[in-house]
Amino acid sequence: MCGVCGTYSPTERFDRGLVAAMHSRIVHRGPDETYSLNTGTLSAKLARLGMTGLVDGWQPAEDRSGRYLAMTNGEVFNHRALRERCGAESGHNGVDVAVVPELVARYGIEGLGLVDGQFATVIFDRADSSLLLARDRFGICPLYYAVDGDRVHFCSEIKPLVQCLDRAWKVDVGAIDQYFSLGNIVAPRTLVDGLLAVPPGCVVRFDADGQETVRYWRYGDFTDSGPPVSAEELRESVRQSTYDRLHADVEIGAYLSGGFDSTAIAVECSQLLDRPVRTFSVVFDDPALDEGRFQREVAEKIGSKHEQILCRHQDVLTKFEEMVRHCCYPQRETYNVAAMMLAEAVRTNGIKGVVSGEGADELFFGYDSYAFDSATRFKRSGRSENEQAWGNPEFSWEVDWRRLDDRRTTYLSSRALEAVTGNEFWRTRLIPFSDEEARRLSPMQLRSVADVYVQLSGHLLGDHGDSMLMKASIEGRYPFLGNAVVSAAARLGDDAKVVDFEGKACLRAAYAGVVPDSVMRRGKHGFTAPDLDSVSGQTWSRWAELVAATGLFAPDCLVTSRTDRQDKWDYRLSAISIALVMDELGLGF
């Protein structure tokens, strides 16, 4: 995993110093080496976090014909099989992502769908001087861009782009409504107007005639064809995916929350490695939040070398602002502070990468909402807004329409409410499915698609994953998102995933007798951390001043008492975090 940035201009008019400035702000993503790519129309730099090919790998990589040059952030875990498929030897370049330009040369952009891995890649076509910005299937690796006249600037993080590019940046009001409605911002939108995210599974192509976004893969093409997926096949797919993600020239550790998903991955690690796996977890000084007992039980069972990182209430209070100003993404809870501290501890222990359990809930229907969807006796009323957003009038995902207007008027200023009109979240199709395609999906399948594109890609893999990990120069790897696991999940029916109102039933069956019974019997326990209710004094006053200065928020939005708030999330945190981001980036409204 690395960080990439650059500028492209088909007219050959751009400032290479801007690229150097952006690069200087992402060296935490790749402190090991710096690579450069310079042509008449493109200047790009890559900050490398060396995981493979430490001695014999380099970038940019090119295909055999020399037509395509690529600078790639990420990992291609099946690179050997892909090289063989393309008939290309690795040559002297030992880095796994060197296969990326060969895939494009052989198969076009559809070749990127063959990658089992995670990447954000910048590909230059020497034949027509065009530029491709591409992102992996689930968007594990971020990539942002901004069009500035005849120039395109791109970067792995938002902040370097905004701070280095001289422009009167403003907040995207449509993104604000997405966040206060969905609790997330959906690509290609970001919090910054005019700064876009390459959507997961997509390529954005630029040339002298303009730009075009093309999708090469999407999640959600479920099928009941082919032989049934047995418990043994399912576990073998997870085992192989874990094995692939443990392969590196450096040691890979594992996150261990004490829940089912991370425990299953940790068990596989312990059986695949010829040494004790290094496991890491967060414990809290609040007994209501602490999962330490389960973490220790699993660590003892698998014989891991375990590290527990204590996140105290005071840590949350003192580090919340640091976390927000780094990731530049709104927050609805404080748990990213714990994630940031966890990544810092991993790095202190000399580990450069970790495997983690993200994706299991989305692919195998693990959230409580899937059990509700399985209760077909509940009839949902249709809304035209739902149809515009999701392609199905009866599907509203997590949107509580009864609370939405109240939330808007509670938190947004009259000026913001006026700006939101016509920019409401539902006016944009939020999943890559047509009306007809969405209606063919079952309620649980449609929810799974929405969970992936609204919650997993932008949030769990984004500000919670990439931003917190890469701040400490740590790479996250996700076995449940391996191609074989995703394929198996697509072939499993709803009735295999939710049984007697319990999600992930097929996964639990595959790991029966392997994952400890105490973890098996646990209910769903999200990663939570202490809230900010005890913040007071100068810190609270300063945050309140920043919130007021944005012009976005109602004057009294922070004084609403907890008993008056009926939302699942504390949207005061969202108002504070958005104000902090606007201050950090100098965003206007």
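Just above sits the structure.
Residues numbered from 1 in each chain as written. Predicted model: local features only at pLDDT ≥ 70, side-chain atom pairs only at ≥ 80, totals over all residues. Heavy atoms only, no water.

## What about the packing of aromatic side chains?
Considering all chains together, one arrives at 16 aromatic pairs under this definition. Three or more aromatic residues link up through ring pairs in this structure, and these residues are Phe 138, Trp 217, Tyr 219 and Phe 222. The side chain of Arg 218 reaches across the aromatic face of Phe 433, ending 3.9 Å from its centre. Against the face of Phe 260 rests Arg 508, its NZ or CZ located 5.1 Å from the ring centre. (Phe/Tyr/Trp six-rings, centres within 6.5 Å; stacked < 30°, edge-to-face > 60°. Lys NZ or Arg CZ within 6 Å of the ring centre and 35° of its normal.)

## A short note on the pairing of strand S8 (residues 144-148)
As paired strands, S8 and strand S9 (residues 151-155) are joined by 5 bridges and run antiparallel to one another. Its bridge partner being in S9, Asp 148 is matched across the sheet by Arg 151. Counted between consecutive antiparallel strands, the loop separating S8 from S9 contains 2 residues, among which Gly 149 sits at a positive phi close to 65 degrees. (Pairing = 2+ DSSP bridges. Helix = DSSP H or I, 4+ residues; strand = E, 2+ residues; numbered from the N terminus.)

## A few points about the sheet that holds strand S15 (residues 305-311)
What the 5 strands build is an open sheet, ordered S15-S14-S13-S16-S17; its pairing is parallel. The sheet is open, and its two edges are formed by S15 and strand S17 (475-477), each paired on a single side. Averaged over neighbouring strand pairs, the angle between their axes works out to 30 degrees when direction is ignored. Judged from the 3 bridges that link them, strand S16 (residues 353-355) and S17 form a sheet pairing that is parallel. Looking at S17, one finds that Val 354 is bridged to Gly 476. (Axes fitted to C-alpha atoms, helices over the stretch in contact; angles between N-to-C directions.)

## A word on empty space enclosed by the protein
Evaluated as defined, the whole model comprises 4 cavities of 30 Å³ or more. Lining the largest cavity are 14 residues, and of these Arg 48, Leu 49, Gly 74, Glu 75 and Val 95 sit closest to its centre. For the lining of the largest cavity, the leading source of residues is strand S5 (residues 68-76), giving 3 residues. Of the residues in the lining of the largest cavity, the class split is 6 nonpolar, 5 polar and 3 charged. (1 Å grid on protein atoms, 1.4 Å probe; cavity = no way out; pocket = protein on both sides within 12 Å on 5 of 7 lines; lining within 4 Å. Points joined across faces, edges and corners; volume = space filled by probe spheres on them. Nonpolar A, V, L, I, M, F, W, Y, C, P; charged D, E, K, R; others polar.)

## What about helix H3 (residues 100-107)?
Turning to H3, its buried residues number three or more, namely Val 100, Pro 101, Glu 102, Leu 103 and Val 104. Downstream of H3 by a residue or two, Gly 108 has a phi angle that is positive, lying close to 75 degrees. (Buried < 20%, exposed > 50% of the residue type's maximum accessible area, 1.4 Å probe, protein only.)

## Quick word on the pattern of salt bridges
Applying the stated rule across the entire model yields 45 salt bridges. One salt bridge connects Arg 477 with Glu 75, and the closest N-O pair in it is separated by 3.6 Å. Of this pair, Arg 477 sits in strand S17 while Glu 75 is found in strand S5, placing the two residues 402 residues apart along the sequence. An identical accessibility class is assigned to Arg 477 and Glu 75; each is buried. Here Glu 344 ties to Lys 471 by a salt bridge, and the two come within 3.9 Å at their closest N and O atoms. Of the two residues, Glu 344 sits in helix H10 (residues 335-348) while Lys 471 sits in helix H17 (residues 443-471), which places them 127 residues apart along the sequence. (Salt bridge = Lys/Arg side-chain N within 4 Å of Asp/Glu carboxyl O.)

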